[in-house]
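# Structural overview
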Amino acid sequence: MTTESRDIALITGASRGIGRATALRLSSNHHIVAAARSAEDLETLAAEIQTGGGSCDALVLDVADPAAVARTLRDVRADVLVNNAGIGFLKPFLELTPEEWNTMVNVNFNALFHVTRAVLPGMVERRRGHIIIIGSIASRSAFIGGPCYGGTKHAIMGFAESLMLEVRDQGVKVSVVNPGSVATDFSPERSDPSWMLVADDVADAVAFAVDTPPRVLLHRIEVRAAAPKKR
Ligand code: NJP
């Protein structure tokens, strides 16, 4: 398959963690457009993908900046969009600053509007596309330290299911992949990552959803560690 004939996968938060693993995983049969704020990490990713025989464009982008998203993604075609960028200040409500609250709402939820709005019209026009959102187990359960993070992830579920019902008849699939604990930089304070999922496990779930035949829509996937640490 030539680079030109490959489907294009746009992945946010591709500089590290789950987004990076997903970019590498999808690069075997997609041209990758990797977006995040860290230019150097994106260049390293693009080089690794090229070494493996794939192709990757790096886009330096703050997904919480609506003008930057509109400008940067204006001419980007995406057959697959993985809305993965996310941030968590996991602390009790009374310890949260307004800045932390706003950052989580802007990156985890509001950015879904900006990024999806930029690429969905092209998918609808082509009657073909797949939008994947990386949620969390916190998308449907509560935990101490999660009033805002969990709130944004719950909001994702409402957004995703409603959007799925709106666009599936137009050839566009919408899926949510909800991971449990994954050993990434997301929560570096967690001391023992040995029992956790690794980023590749979540990337495999994304690839599985993307690879389903046109008649199949996997809307919600939960990926858990099989043997979580007892608390
Ligand atoms: O996190 P991490 P994960 N604009 O910190 C990017 C969910 N999840 O891979 O901009 C653009 O390694 C950041 O890039 P940079 C979680 O909620 C995780 O674990 O260069 N990009 C980096 O690439 C999130 O939705 C766990 O700093 C922005 C990436 O986001 C997703 O999985 C459990 C950005 C974060 O990489 C990926 O998390 C769970 C911005 N403004 C759900 N801000 C888990 N790890 O345990 C951040 O249930 N990024």
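Just above sits the structure.
An account of the accompanying structure is given in this report. (Residues numbered from 1 in each chain as written. Predicted model: local features only at pLDDT ≥ 70, side-chain atom pairs only at ≥ 80, totals over all residues. Heavy atoms only, no water.)

Between helix α1 (residues 17-26) and helix α6 (residues 199-210), the least distance of the axes is 8 Å, while the angle of their chain directions is 50°. One way to sum up the angle between α1 and α6 is to call them oblique. Read as a crossing pair, α1 and α6 show a hand that is right-handed. Across from Gly17, Ile18, Ala21, Thr22, Arg25 and Leu26 in α1, the residues of α6 making contact are Ala199, Asp200, Val202, Ala203, Asp204, Val206 and Ala207. Residues of the contact of α1 with α6, tallied by class, amount to eight nonpolar, two polar and three charged. (Axes fitted to C-alpha atoms, helices over the stretch in contact; angles between N-to-C directions. Helix = DSSP H or I, 4+ residues; strand = E, 2+ residues; numbered from the N terminus. Parallel < 35°, antiparallel > 145°, perpendicular 65-115°, else oblique. Left-handed = near helix turned anticlockwise from the far one by under 90°. Contact = heavy atoms within 4.5 Å. Nonpolar A, V, L, I, M, F, W, Y, C, P; charged D, E, K, R; others polar.)

Generally speaking, nonpolar side chains in soluble globular proteins are found buried as a group. Judged by nonpolar contacts, the single largest core of 35 residues is most densely connected at Ile32, Val82, Ile132 and Val177. Looking at this core, the elements with two or more residues in it are β1 (7-12), α1, β2 (30-36), α2 (39-51), β4 (80-83), β5 (129-134), α6 and β7 (220-223). For this core, the element with the highest residue contribution is α6, accounting for eight residues. Apart from the residues lying within four places of it in its own chain, the contact partners of Ile132 are Leu81, Val82, Asn83, Ser175, Val177, Val206, Ala209 and Val210. Membership of the second largest hydrophobic core comes to 32 residues, among which are Leu61, Val107, Val115 and Ile133. (Core = buried A, V, L, I, M, F, W, Y, C linked by side-chain atoms within 4.5 Å. Buried < 20%, exposed > 50% of the residue type's maximum accessible area, 1.4 Å probe, protein only.)

Close to the ligand lie 30 residues; Ser38, Ser136, Tyr149, Pro179 and Thr184 are nearest. Separating an oxygen atom of the ligand from a backbone N or O atom of Gly13 is a distance of 2.9 Å. Arg16 is positioned such that a nitrogen or oxygen atom in its side chain is 3.1 Å from an oxygen atom of the ligand. At the level of elements, α1 and α5 (149-167) are the ones that each hand at least two residues to the shell around the ligand. For the shell around the ligand, the class distribution of residues is 13 nonpolar, 11 polar and six charged. (Near = heavy atom within 4 Å. Polar contact = N/O pair within 3.5 Å; in protein donor to acceptor, adjacent residues only side chain to side chain.)

Turning our attention to the packing of helix α3 (residues 66-73) against helix α4 (residues 98-126). Running from amino to carboxyl end, α3 crosses α4 at an angle of 20°, the nearest separation of the two axes being 9 Å. The pairing of α3 with α4 is recorded here as roughly parallel in orientation. Handedness of the crossing formed by α3 with α4: right-handed. Counting all contacts with α3, which are made through Pro66, Val69 and Leu73, the residues of α4 involved are His114, Val115 and Ala118. Each residue belonging to the contact of α3 with α4 can be placed in one class, and the counts come to five nonpolar, one polar and no charged.

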